[in-house]
Amino acid sequence: MISSDITQLPLLLLLLAVVAFLYASVGHGGASGYLALMSIFGFSIAVMKPTALVLNILVSGLSFYFYFRAKEFHWKLFYPFAITSVPFSFLGGTITIETHWYKIILGTVLLFAIARLLGLLGAIQNQERPVNLPLALFIGAVIGFLSGLIGIGGGIILSPVLLLLGWATMKQTAAVSALFILVNSVSGLFGFVSQGGILPQSSIPFIGVVLVGGILGGYFGSKKMNTLVLRNVLALVLGIAVFKLYTT
């Protein structure tokens with residue numbers, strides 16, 4: 001069974017496409033959105049983590065392709081975080097935590113995502129500053145571990161860090177976040193599988209719709225696009241998921 005009510009599948013597929021479109025437009029894979037939707041639609045924790053990672057890999061890869069073609073990617077902004085995030089993401093992926101704590105951690109991350117979507121994380125620095133290497137290595141390790149642990153790519157956390165510290169522009173942040181999410185999701189998935197985890201067949205129907213949403217989002221996001229309304233709608237969806245996670 002794909003969800004608690006198979007008749008809700010068309011609505012779920014539509015919402016997944018919208019989430020993929022929105023997240024890809026800003027260089028993200030969409031894992032926090034997929035996890036929120038799967039929580040609302042009654043998926044089990046065992047299905048949520050690997051499914052979100054698989055969909056994340058697809059959408060973040062597409063998003064990175066379009067931003068890379070637009071020449072917005074800068075290696076010097078990427079590698080300090082990736083050096084520590086990839087091994088720690090693998091480590092997080094090997095760990096299966098109790099359902100109650102998984103919901104608490106995921107709900108907290110989703111609150112962070114809501115704040116990011118609504119622009120509540122402070123003012124963005126206008127001047128680009130050089131990356132502080134020790135701090136970047138530490139941030140990468142923390143985000144990587146959390147990414148593998150709950151099944152996200154970490155871009156929803158990395159993006160505001162880059163912007164608030166003035167280390168990258170909006171477009172550069174999207175490009176770096178896309179590849180960051182891709183490598184962390186792959187690493188986290190390998191960690192999950194290495195411990196006997198199985199990729200659920202229920203995720204197969206989702207692949208087509210997120211690919212379409214990811215392609216469109218990556219293409220239009222790398223150009224000029226205003227996604228304010230969609231961001232507000234997604235923030236509402238994430239808010240509903242947080243409420244459900246904290247109260248069930």
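Further up the page is the structure itself.
Residues numbered from 1 in each chain as written. Predicted model: local features only at pLDDT ≥ 70, side-chain atom pairs only at ≥ 80, totals over all residues. Heavy atoms only, no water.

Further remarks concern the packing of helix 3 (residues 45-69) against helix 8 (residues 170-194). With their axes 8 Å apart at the nearest point, helix 3 and helix 8 run at an angle of 145° to one another. The hand of the helix 3/helix 8 crossing is left-handed. In this structure, helix 3 uses Lys 49, Pro 50, Leu 53, Val 54, Asn 56, Ile 57, Ser 60, Gly 61, Ser 63, Phe 64 and Tyr 67 to contact helix 8, whose residues at the interface are Lys 171, Ala 174, Ala 175, Ala 178, Leu 179, Ile 181, Leu 182, Ser 185, Val 186, Gly 188, Leu 189 and Phe 192. Residue composition of the contact of helix 3 with helix 8, by class: 15 nonpolar, six polar and two charged. (Axes fitted to C-alpha atoms, helices over the stretch in contact; angles between N-to-C directions. Helix = DSSP H or I, 4+ residues; strand = E, 2+ residues; numbered from the N terminus. Left-handed = near helix turned anticlockwise from the far one by under 90°. Contact = heavy atoms within 4.5 Å. Nonpolar A, V, L, I, M, F, W, Y, C, P; charged D, E, K, R; others polar.)

Moving on: the side chain of Ser 32. Relative to the helices and strands, Ser 32 resides in helix 2 (residues 31-40). Apart from the residues within four sequence positions on either side, Ser 32 is in contact with Tyr 23, Leu 110, Ala 113, Ile 152 and Leu 238.

When the terminal C-alpha atoms of helix 1 (residues 9-25) are compared, their 24 Å separation across 17 residues agrees well with the 24 Å that a helix rising 1.5 Å per residue should span. Taking burial as the measure, the 17 residues of helix 1 include 12 buried ones, the bulk of the element. Phi turns positive one or two residues past the end of helix 1, at Gly 27, with a value near 85°. (Expected span 1.5 Å × (residues − 1). Buried < 20%, exposed > 50% of the residue type's maximum accessible area, 1.4 Å probe, protein only.)

Moving on: the packing of aromatic side chains. Within the structure shown, the criterion is met by 10 aromatic pairs. Each ring, one from Tyr 65 and one from Phe 66, has its centre 5.2 Å from the other, and the planes form 70°; the classification is edge-to-face. The class of Tyr 65 is partly exposed, set by a relative accessible area of 43%. The class for Phe 66 is buried, based on a relative accessible area of 14%. Taking the centre distance of 6.3 Å and the plane angle of 20° together, the rings of Trp 75 and Tyr 79 count as stacked. A residue pair is termed a helical-turn pair when its members lie 3 or 4 positions apart in one helix, as Trp 75 and Tyr 79 do in helix 4 (residues 75-93) at four residues. Connected via pairs of aromatic rings, a cluster forms that spans Phe 64, Phe 68, Phe 73, Trp 75, Phe 78 and Tyr 79. (Phe/Tyr/Trp six-rings, centres within 6.5 Å; stacked < 30°, edge-to-face > 60°.)

What follows deals with the side chain of Ser 89. Residue placement: Ser 89 occurs in helix 4. Residue classification places Ser 89 among the buried residues on the basis of a relative accessible area of 0%. Those residues within four positions of Ser 89 in sequence are excluded, and the remaining contacts are Gly 144, Phe 145, Ser 147, Gly 148, Asn 184, Ser 187 and Gly 188.

Our next topic: helix 6 (residues 133-150). Helix length check: helix 6 (18 residues) gives 26 Å between terminal C-alpha atoms against 26 Å at 1.5 Å per residue, within 8%. All of the buried residues along helix 6 are Ala 136, Ile 139, Gly 140, Ala 141, Ile 143, Gly 144, Ser 147, Gly 148, Leu 149 and Ile 150. Buried positions along helix 6 lie against helix 2, helix 3, helix 4, helix 5 (99-117), helix 7 (155-164) and helix 8. Two or three places before Leu 135, at the opening of helix 6, Asn 132 has a side-chain oxygen 3.2 Å from that residue's backbone nitrogen. Positive phi appears at Gly 151, one or two residues downstream of helix 6, with a value of about 95°. (Polar contact = N/O pair within 3.5 Å; in protein donor to acceptor, adjacent residues only side chain to side chain.)

Everything listed here is a matter of coordinates, which is why it stays silent on function.
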